[in-house]
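# Remarks on the overall topology
Residues per chain are reported as follows:
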Amino acid sequence: RVQTRTASGAAIPEALAQALAGGVRVVVAAEDREPPRRWQVDGPPFENGIAVVVGTSGSTGEPKGVQLSREAILASVNATHQRLGGPGNWVCPLPLHYVAGVMTGARAAVAGTRLSVVPPDLSRLPLNEGRNYVSVVAAQLHRALDSSASTEALSRFDAVLVGGSAIPAGLLQQGRHAGLNLVATYGMAETCGGCVYDGAPLDGVEVTIGDDDRISLTGPMVFSGYRLDPRATAAVLHDRTLRTNDRGRWLNERLQVLGRADDVVITGGNNVDLGLVQRAADDEFGPGRLAVLAVPDERWGARIVALTDLALDLDECRTRLGGRLEPAAVPRDLRRVA
């Protein structure tokens, strides 16, 4: 019988290595809080074959416990290394309890290479003998490109994976112009992290787009279901196919992710894609500096609101975004927040 244990913080990499060797099953948790009771280790028995349980981001409610088999993780690891040019050492400036951090540890464990967990500000980016890879999110890349030292350090990596959210096209262009080998990744906890690199599915991954533009992903790295949540599992998982909540299209034989299915709102009788508005805001102001959302409004149906910590007023915001968006998509309200 496989023992189940909870691991957090610095204990996660070693626990992952044991799980991939078949010795234990690991529930990955943040250091400062217990995992939700619905997927803790002291609940009902786990299904056979589950090696790791990792939480979703919780962006749409209480985090779900994503159950990943050893075979799914290995499929993801091998496909990633094949796409990148071979196994290498991994640097992780991301939280280890999210899937991006989990997979850096898994890749190093499978390849027998070094994993370096570093501060999120990218102030330390060690290189080791052989190939070297690092995973970052767009906000980290944006800050790094403001620092010549960080940019130079990142340029020495064989690949810099960027994921976790939409990535402004201008940011990728800026980074590549600075000499960084950037790889834009798309995926989620339910696919062992990124399974589409630079718009091209990894080997073994099939991407289909439905009539409603909804993206479905099929492949060996798809998860086995949510821990103790059969209803949520049945809503998205059919055999080895995951029906995501993302919209996409093919552009020059590359997958372009348009945003979430629930990002389209009606304001003043016009359909507005909040994902498109957010990408415009990221391009204009920088990732993470201005966020957009829609709130109910008696007159407009939905009112688009901008949230920012910048020294920016509504008129300037509307003027700068007005050159990028249709009039209905430009925020009608702006709130300054910390």
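Everything here concerns the structure above.
A few points on the structure. (Residues numbered from 1 in each chain as written. Predicted model: local features only at pLDDT ≥ 70, side-chain atom pairs only at ≥ 80, totals over all residues. Heavy atoms only, no water.)

Attention now goes to the nonpolar core. In terms of nonpolar packing, the biggest core is built from 52 residues, with Ile-73, Leu-84, Met-103 and Phe-223 touching the most fellow members. With residues near it in sequence (within four places) discarded, Met-103 still touches Ile-73, Ser-76, Val-77 and Cys-192. (Core = buried A, V, L, I, M, F, W, Y, C linked by side-chain atoms within 4.5 Å. Buried < 20%, exposed > 50% of the residue type's maximum accessible area, 1.4 Å probe, protein only. Contact = heavy atoms within 4.5 Å.)

With the rule as written, the count across this model stands at 13 salt bridges. The salt bridge involving Arg-243 is made with Asp-212; its shortest N-O contact spans 2.8 Å. With Arg-243 in strand β15 (residues 241–251) and Asp-212 in the loop between β12 (206–209) and β13 (214–218), this residue pair connects regions lying 31 residues apart in the sequence. Given a relative accessible area of 34%, Arg-243 falls into the partly exposed group. The partly exposed category is assigned to Asp-212, whose relative accessible area is 39%. Arg-247 is the partner of Asp-273 in a salt bridge, and the nearest nitrogen-oxygen pair spans 2.8 Å. Linking Asp-273 in strand β18 (residues 270–273) with Arg-247 in strand β15, this pair joins segments that are 26 residues apart in sequence. Judged by relative accessible area, Asp-273 falls into the buried class, the value being 17%. On the basis of relative accessible area, Arg-247 is assigned to the buried category, the value being 9%. Here the residues in one salt-bridge network are Glu-284, Glu-316, Arg-320 and Arg-324, joined through shared partners. (Salt bridge = Lys/Arg side-chain N within 4 Å of Asp/Glu carboxyl O. Helix = DSSP H or I, 4+ residues; strand = E, 2+ residues; numbered from the N terminus.)

If you trace the backbone, Ala-10 turns up in the loop between β1 (3–8) and α1 (12–20). On the basis of relative accessibility, which here comes to 73%, the residue Ala-10 falls in the exposed class.

This part is about the environment of Leu-182. Residue placement: Leu-182 occurs in strand β9 (residues 182–188). Between the alpha carbons of Leu-182 and Val-53 there is a distance of 29 Å; along the sequence they are 129 residues apart.

Counting through the fold element by element, Thr-308 comes out in strand β20 (residues 301–308). Accessibility expressed as a relative area gives 2% for Thr-308, which makes it buried. Not counting the four nearest positions on each side in its chain, Thr-308 is found in contact with Arg-289, Leu-290, Leu-334, Arg-335, Arg-336 and Val-337.

Our next topic: the pairing of strand β3 (residues 50–55). The buried fraction of β3 is high, at six of six residues. As paired elements, strand β2 (residues 24–29) and β3 share two bridges and run parallel to each other. Bridging across to β3, Val-27 finds its partner in Val-53. Pairing between β3 and strand β4 (residues 65–69): five bridges, direction antiparallel. Within β4, the position partnered with Val-54 by the bridge is Val-66. (Pairing = 2+ DSSP bridges.)

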